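Read off the chains here:
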Amino acid sequence: QLPNGFEIEPLAASELEEYQTLYGFAAVLMEHQKALIHHPQYQHFVVKNPEGKLVAYLECSITREEWIRSRQYIGWIDYIETHPDYQGKGLGLALMQTALQHLRAHGATRAMLITTNDNAAAQHLYHKAGMDITAEERVYGKTIDAE
């Protein structure tokens, strides 16, 4: 449940500049972001406060080509973030529930995401949304000596 006056909507192309101001992950070119908005297997959801300002977002996706090869119908929560001034109001959980419904409606039977092991706030949200840890990654690295 969202607080009174808050709404979840798909991101509109006209809101991309405001979206990129809120977006806290690696910078994405505007043209790429525009292409994603119109991609049939990708969905952006935003939360607007009562004044209509974007205060949280979630991006999710499916890849039907992978489904054919793997026979696993996985939907991905790609990115989720809430502006610090609006955290703790249930916006992230509402976005997660909206995305899970969206993924299910588009054929996904499982939802997955990846986060770092020190992101306690995100992990708490994902557990609240009914998700469990199903795997941990092995990360390889190598220092490359200068020649």
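Below is a summary of the structure that appears in this document. (Residues numbered from 1 in each chain as written. Predicted model: local features only at pLDDT ≥ 70, side-chain atom pairs only at ≥ 80, totals over all residues. Heavy atoms only, no water.)

All right, on to the packing of helix α4 (residues 91-105) against helix α5 (residues 120-128) then. Two numbers describe how α4 lies on α5: the axes approach to 10 Å, and their chain directions differ by 50°. Looking at the two axes, α4 sits oblique to α5. The hand of the α4/α5 crossing is right-handed. Between α4, through Gly92, Leu93 and Met96, and α5, the contact on the second element is made entirely by Leu125, Tyr126 and Lys128. (Axes fitted to C-alpha atoms, helices over the stretch in contact; angles between N-to-C directions. Helix = DSSP H or I, 4+ residues; strand = E, 2+ residues; numbered from the N terminus. Parallel < 35°, antiparallel > 145°, perpendicular 65-115°, else oblique. Left-handed = near helix turned anticlockwise from the far one by under 90°. Contact = heavy atoms within 4.5 Å.)

So, on to the environment of Ile133. Mapped onto the elements, Ile133 comes out in the segment after α5. The class of Ile133 is exposed, set by a relative accessible area of 58%. The spacing of Ile133 and Leu113 is 20 residues in sequence and 9.7 Å in space, taken between C-alpha atoms. (Buried < 20%, exposed > 50% of the residue type's maximum accessible area, 1.4 Å probe, protein only.)

Right, let's talk about the sheet that holds strand β5 (residues 110-112) for a bit. Spatially, β1-β2-β3-β4-β5 is the arrangement adopted by the five strands of the open sheet, whose pairing is mixed. Edge positions in the open sheet fall to β1 (7-10) and β5, since each of these has one partner strand only. On average, each strand axis in the sheet is tilted by 25° relative to the strand beside it, whichever way the strands run. Examined bridge by bridge, strand β4 (residues 74-82) and β5 share three bridges and lie parallel to one another. Within the sheet, the bridge partner assigned to Trp76 lies in β5 and is Met112. (Pairing = 2+ DSSP bridges.)

Of the residues making up helix α2 (residues 30-38), those classed as buried are Gln33, Leu36 and Ile37. For α2, the buried positions fall inside an angular range of 105° around the axis, keeping them on one side. In α2, the exposed residues that point more than 90 degrees away from the buried face are Glu31 and His38. In the core, the buried residues of α2 are packed alongside α1 (16-22), β2 (42-48) and β3 (54-62). (Arc of directions from axis to C-beta.)

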